[in-house]
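Each chain is listed here by its residues.
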Amino acid sequence: MIPDGLLLWHKDGIAYVMNEKTNAWIQVRELSRTFTNGEVETRALRGITFEMVPGEFLAVTGPSGGGKSTLLHILGLRDRGTGGSVRLLDRELATLGNRERTLLRRKLGCIDQNAGLVGELSVYENVELPLVFLGMKRKERRKRVEELLDRLKLSHRLHHRPAQLSGGQQQRIAFARAIASRPELLLADEPTGNLDSANRVLLMDLLSDFNRQGGSIVMVTHSAKDASYAHRILHLNDGSLLSENQAQHLHP
Ligand code: ADP
């Protein structure tokens, strides 16, 4: 028997229960974003409202130009809305100064469809980079990076340059870099967009593992299969939220 006010969902045979009242952790209210270029106004987001609880895996789908990346950029503190409000990890974004935005950004990890690795650095150094920015000690960094790359079965590639690796391997390294700082929230923009189906499944399994271990994810995707890994799917079209569904389980 589930008490009132608790939210329940099932994933992989596990029941997840969250207190809806106290744990609304991302709260987006009437969020809009209008771009103005000279005379031309583009309403990329037209007042969207949704919530997300910690530990949730949310997919955002919809046609190109629908506002998905704009939403992700705002949640990733790379852009600001022009109307409405966003509470992220329990902080109201509009009230934050630059320093507080920087501190909050450290709790986020980002991955998009281009791995975006630094070509001059080795695999090891790429994954280590965010930990250097966090001021972590060298010994601690080494332990963290080696463990992570070992888990991703990339230990034998530590000293390679990104260009010496396949697209699938590069994207797994980008994932390692995104979660190296153990972010509370992972923002993924078409993370499998450039991958073949075998590498797509590998990467989605890694995202699912991160989520099972407690990390929250907002993932933009065009793929119904990828969206099926999520707990919930938001459909955005022309800047508006069309519907919210529980994910169907399409993946093996
Ligand atoms: P999606 O990710 O769903 O493809 P986007 O969020 O990238 O959609 O874009 C939504 C709309 O906003 C599009 O019409 C796009 O052209 C416009 N847009 C996005 N970024 C900018 C920008 N920096 N300047 C002007 N228009 C933009």
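The coordinates are above.
Rules used throughout
- Residue numbers restart at each chain and count upward from 1, following the sequence in its written direction.
- Local features are withheld for residues below a pLDDT of 70 in this predicted model, meaning they are given only at 70 or higher, and side-chain atom pairs are given and counted only at 80 or more; totals for whole chains, interfaces and linings count all residues.
- Heavy atoms from the whole structure form the basis of all side-chain values; hydrogens and water molecules are not counted.
- Where helices and strands are cited, they refer to DSSP runs of H or I of at least four residues and of E of at least two residues respectively, numbered from the N terminus.
- Only protein chains enter the accessibility calculation, which uses a 1.4 Å probe; a residue whose area is less than 20% of its type maximum is buried, one above 50% is exposed, and one in between is partly exposed.
- An axis is simply a line fitted to the C-alpha atoms; with a helix, the fit covers only the stretch in contact. Between two such axes, the angle follows the N-to-C directions and lies from 0 to 180 degrees.
- Roughly parallel here means an angle under 35 degrees, roughly antiparallel means over 145, roughly perpendicular means 65 to 115, and every remaining angle is called oblique.
- Handedness of a crossing is defined here by the sense of rotation of the near helix relative to the far one, left-handed for an anticlockwise turn of less than a right angle and right-handed for a clockwise turn.
- Any two residues whose heavy atoms approach within 4.5 Å at even a single point are treated as in contact.
- Definition of nearness: a residue and a molecule or strand are near each other if at least one heavy atom of the residue lies within 4 Å of the molecule or strand.
- Whenever two N or O atoms come within 3.5 Å, that pair is a polar contact, provided that in protein one can donate a hydrogen and the other can accept it, and provided that, for residues adjacent in sequence, both atoms are side-chain atoms.
- For every accessible area listed, the method is Shrake-Rupley and the probe measures 1.4 Å; residues are considered covered only by the protein chains on display.
- For this classification, Asp, Glu, Lys and Arg are treated as charged, while Ala, Val, Leu, Ile, Met, Phe, Trp, Tyr, Cys and Pro are nonpolar and the rest, including Gly, are polar.
- Strands qualify as paired when DSSP identifies two bridges or more between them.
- Buried Ala, Val, Leu, Ile, Met, Phe, Trp, Tyr and Cys residues that are joined via side-chain atoms within 4.5 Å together make up what is termed a nonpolar core.

Trainee: Give a detailed account of the overall build of the protein chain, specifying residues and quantitative values.
Mentor: Scanning the protein chain for helices and strands turns up seven helices and 12 strands. The buried share among the 252 residues of the protein chain stands at 48%.

Trainee: Could you give an account of the packing of helix 3 (residues 123-133) against helix 5 (residues 167-179), naming the residues involved and the relevant values?
Mentor: Interaxial distance between helix 3 and helix 5 falls to 7 Å at its minimum, and their mutual angle equals 30°. Taken together, the axis directions place helix 3 and helix 5 in an arrangement best described as roughly parallel. When the axes of helix 3 and helix 5 are compared, the crossing they make is right-handed. Touching Val-123, Asn-126, Val-127 and Pro-130 of helix 3 are Ile-173, Ala-176 and Arg-177, all from helix 5.

Trainee: Residue-level account of the site of the ligand, with values.
Mentor: In the vicinity of the ligand, the contacting residues are Phe-35, Asn-37, Thr-42, Ala-44, Pro-63, Ser-64, Gly-65, Gly-66, Gly-67, Lys-68, Ser-69 and Thr-70. In this structure, an oxygen atom belonging to the ligand sits 2.7 Å away from a main-chain N or O atom of Gly-65. A distance of 3.0 Å is found between an oxygen atom of the ligand and a backbone nitrogen or oxygen belonging to Gly-66. Surface burial for the ligand is 62%, taken as the share of its 560 Å² of free accessible area covered by protein chains. Among the elements of the structure, strand 3 (26-37), strand 4 (40-52) and helix 1 (68-75) are those that each provide at least two residues to the shell around the ligand. Counting residues per element, the shell around the ligand draws most heavily on helix 1, at three residues. Its residues assigned to classes, the shell around the ligand comprises three nonpolar, eight polar and one charged.

Trainee: Residue-level account of the sheet that holds strand 4, with values.
Mentor: Taken in spatial order, the four strands of this open sheet run 4-3-6-7, and their pairing is antiparallel. At either end of the open sheet lies a strand with only one pairing partner, and these are strand 4 and strand 7 (91-92). In this sheet, strand 4 lies alongside strand 3 in antiparallel orientation, the contact comprising 10 bridges. Counted as the bridge partner of Ser-32 is Arg-46 from strand 4. Strands in contact with helix 1 are strand 3, strand 4 and strand 6 (83-88); relative to strand 3, the strand with the most contacts, it is inclined by about 115°.

Trainee: Which residues make up the nonpolar core, and what values do they have?
Mentor: General note: in soluble globular proteins, nonpolar side chains tend to be found buried as a group. Core analysis: the biggest nonpolar cluster contains 38 residues, and Phe-57, Val-127, Leu-149, Phe-175, Leu-186, Leu-207 and Met-219 have the highest contact counts within it. Broken down by element, the residue count for this core peaks at six residues, all from helix 5. Membership of the second largest hydrophobic core comes to 28 residues, among which are Phe-50, Leu-72, Leu-187 and Leu-234.

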